[in-house]
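Breakdown of the fold
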Amino acid sequence: MKGMVISEFKDTLQLTNDGRLSLFFIGTGSAFSKKYFQTNFLIVKGNEHILVDCGTLCAYALEKVYNTPVTSIQNIFVTHPHADHIGSLEEFALTGRYVAKRKLNLIINDKFKKILWKQSVKGGLHYSEAGHMKLDDYFNQIKPELIAKKPFEIYETNIGSINLKIFRSRHITTKAHNLRRSQISYGVLIDNRILFTGDSQFRPEYLEYFQNRYPVELIIHDCDVSGYAEGVHASYRQLETLDAATKAKMLLVHYNSSAEKKTPENDGFMGFVQPGTWYLF
Ligand SMILES: [Zn+2]
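Here is what the cut-offs are and how they apply
Residues numbered from 1 in each chain as written. Predicted model: local features only at pLDDT ≥ 70, side-chain atom pairs only at ≥ 80, totals over all residues. Heavy atoms only, no water. Phe/Tyr/Trp six-rings, centres within 6.5 Å; stacked < 30°, edge-to-face > 60°. Helix = DSSP H or I, 4+ residues; strand = E, 2+ residues; numbered from the N terminus. Buried < 20%, exposed > 50% of the residue type's maximum accessible area, 1.4 Å probe, protein only. Lys NZ or Arg CZ within 6 Å of the ring centre and 35° of its normal. Donors = N, O, S within 2.8 Å, 3.2 Å for Na, K, Ca; no water. Pairing = 2+ DSSP bridges. Axes fitted to C-alpha atoms, helices over the stretch in contact; angles between N-to-C directions.

This structure, assessed with the given rule, holds 20 aromatic pairs. With centroids separated by 4.6 Å and ring planes inclined at 45°, the aromatic side chains of Phe167 and Phe210 adopt a geometry described as tilted. With Phe167 in strand E12 (residues 162-168) and Phe210 in helix H5 (residues 204-213), the pair connects residues that are 43 residues apart, well separated along the chain. The pair formed by Phe167 and Phe210 is uniform in burial state, with each residue classed as buried. Within the aromatic cluster, the residues linked to one another by ring pairs are Phe152, Phe167, Tyr206, Tyr209, Phe210 and Tyr214. Directly above the ring of Tyr209 sits Arg213, whose terminal nitrogen or CZ lies 3.8 Å from the centroid.

Surrounding the zinc ion are the protein donor atoms His80 (NE2), His82 (ND1), His171 (NE2) and Asp199 (OD), which sit 2.2 Å from the metal. Counting gaps between the donor residues of the zinc ion yields the pattern H-x1-H-x88-H-x27-D. Residue His171 is located in the loop between E12 and strand E13 (186-190), and its partner Asp199 is located in the loop between strand E14 (194-196) and H5; the two are separated by 28 residues in the primary sequence. A single burial state applies to His171 and to Asp199, both of which are buried.

Bringing the sheet that holds strand E6 (residues 104-107) into the picture now. Pairing within the open sheet is mixed, and its eight strands lie in the order E1-E18-E2-E3-E4-E5-E6-E9. Because the sheet does not close on itself, it has two edges, and the strands there are strand E1 (5-8) and strand E9 (139-142). Strand after strand, the sheet turns through a mean of 25° between neighbouring axes, direction not considered. Bridge analysis of strand E3 (residues 40-45) against strand E4 (residues 48-52) gives five bridges, and the strand direction is antiparallel. What sits directly across from Lys45, in E4, is Glu48.

Here's what the structure looks like:
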């Protein structure tokens, strides 16, 4: 991609930079991948950073592999409530309260906030020495603003100069694909330039929608290489059917070891996202 520079990890993760939009994947793996951890990444730009997803292995990978304390993270956005995306949230909340003695910022709308608390993290965070706790006792909610309802909900927020457009995606849906009755899930457009699908079915209409409206330079797409989870994750085979221009700006992520048998560059893609590498834009 024009202008994208790759830079190797050194010593520890820097959470500020000279103002250039940068991404760093702590992991690039699917839910059960220990080798590639899970798909969680950092956005860094100027004085601000955002951790996108916070899976069960995220806290471990941050500290053990990248020498970066969990307590150095201030802003978090999670895409959906599967454990490979939210499994470290309890640790982040508790180390925030008891080690760093401050709340973290959580970018989340009211609907997802309720679901995340009641169905996922309440069990570990509700009781404390101070009495019954709420999500707000651990996190400052940064509530993105609803800017579109159709063809799918889009929310927007800014963290410093980082712009996020958070869109309702389709990951695990009911047979009728009724979003109200389906698992809540979001993808995100970063600075109108980088589209991250989050865990997503094969839905070319989303790629079309954003490419038609924004100067999307890079698409980071969920990809089930083996194809066994097709219908929940976009499969490699499905993504191969996209037009050449879309594929040429696409990096694939959320893969397992079967990715090692593929050479996406030969199939028209930009490649697989590499973990432990800075992407500078
Ligand atoms: Zn998922």
